[in-house]
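Okay, here's what each chain looks like letter by letter:
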Amino acid sequence: MRALTSFAPSKAMKLQLLLSFLLGPVVTSGLLSPARADCTISVTSLSFGSYDVFRTMDDLADGRVDYQCTNLPSGAIPVLTLSTGSSNDFQTRTMKNSSESLKYNIYTDASRTEIWGDGGGQTAVITLENLSGSKTFFGTIPQRQNVKVGSYEDMLTVTLSY
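Residues numbered from 1 in each chain as written. Predicted model: local features only at pLDDT ≥ 70, side-chain atom pairs only at ≥ 80, totals over all residues. Heavy atoms only, no water.

Draft legend 1. Looking closely at the overall build of the protein chain. The number of helices and strands found in the protein chain is zero helices and 13 strands. Helices and strands appear in the protein chain in the N-to-C order β-β-β-β-β-β-β-β-β-β-β-β-β. Counting all 162 residues of the protein chain, 41% fall into the buried class. Within the protein chain, contacts between residues separated by at least 24 positions form 76% of all contacts whose residues are at least 6 apart in sequence. Roughly 8,600 Å² of accessible area belongs to the protein chain as shown, and the carbon and sulfur atoms make up 52% of that amount. (Helix = DSSP H or I, 4+ residues; strand = E, 2+ residues; numbered from the N terminus. Buried < 20%, exposed > 50% of the residue type's maximum accessible area, 1.4 Å probe, protein only. Contact = heavy atoms within 4.5 Å. Areas by Shrake-Rupley, 256 points an atom, 1.4 Å probe, with all protein chains shown as cover.)

Draft legend 2. Up close: the pattern of salt bridges. Overall, the coordinates contain four salt bridges when judged by the stated rule. Ionic pairing is found between Arg55 and Asp59, a salt bridge with its closest N-O pair at 3.6 Å. The residue Asp66 makes a salt bridge to Arg64 at a minimum N-O spacing of 2.8 Å. (Salt bridge = Lys/Arg side-chain N within 4 Å of Asp/Glu carboxyl O.)

Draft legend 3. How the structure looks around the packing of aromatic side chains. Throughout the structure, instances matching the rule amount to one aromatic pair. When the centroid spacing of 5.2 Å and the interplanar angle of 45° are considered together, the rings of Trp116 and Phe137 count as tilted. Placement of Trp116 in the loop between strand 9 (100-107) and strand 10 (126-127) and of Phe137 in strand 11 (residues 132-141) is noted, with a sequence separation of 21 residues between them. The same class applies to Trp116 as to Phe137, namely buried. (Phe/Tyr/Trp six-rings, centres within 6.5 Å; stacked < 30°, edge-to-face > 60°.)

Draft legend 4. Quick peek at the state of the cysteines. Counted by the stated rule, this structure contains one disulfide. Put simply, Cys39 and Cys69 are joined by a disulfide, and their sulfur atoms are 2.2 Å apart. With the S-S bond torsion at 115°, the cross-link from Cys39 to Cys69 turns out right-handed. Taken together, the positions of Cys39 in strand 4 (residues 38-44) and Cys69 in strand 6 (residues 59-70) put the pair 30 residues apart, joining distant regions of the chain. Of the two residues, Cys39 and Cys69, neither departs from the other in class, the shared state being buried. (Disulfide = S-S within 2.5 Å.)

Draft legend 5. Broad picture of the nonpolar core. Core analysis: the biggest nonpolar cluster contains 29 residues, and Leu80, Ile106, Trp116 and Leu160 have the highest contact counts within it. Looking at this core, the elements with two or more residues in it are strand 4, strand 5 (46-50), strand 6, strand 7 (79-82), strand 9, strand 11 and strand 13 (155-161). (Core = buried A, V, L, I, M, F, W, Y, C linked by side-chain atoms within 4.5 Å.)

In structure tokens:
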């Protein structure tokens, strides 16, 4: 947590990521009994810490998704998508504190140019190259938003599909 100037209000910012799964089809291999495709993911939530409304730089935070898949059909390419959260808009996600809103977004790349979404409407998905591993995602709260002191949250759903 960074130190703030004495006149700058601080806010506890956190972004919670809720996990959900889309199960794929049952995999069959010849005459053997069917094997069910199985994937698990765990998400490290973003925590932006305190927000200074007078700061002239964006607040940045990184998170991570760990994943493992077994028994996927041949040629299946697993992808991670992310919901819009409470804003219902990928381009302008918002964390809420009662009626107050704080803009933020989550990106698939460190340069923060590819908004993580469902792959439509100028958003990107995270494609998983291996059956297990980790992927980093990148969060930003734009600078100098005039919001009240308080705790701001949003709930998102990460979905792994193939």
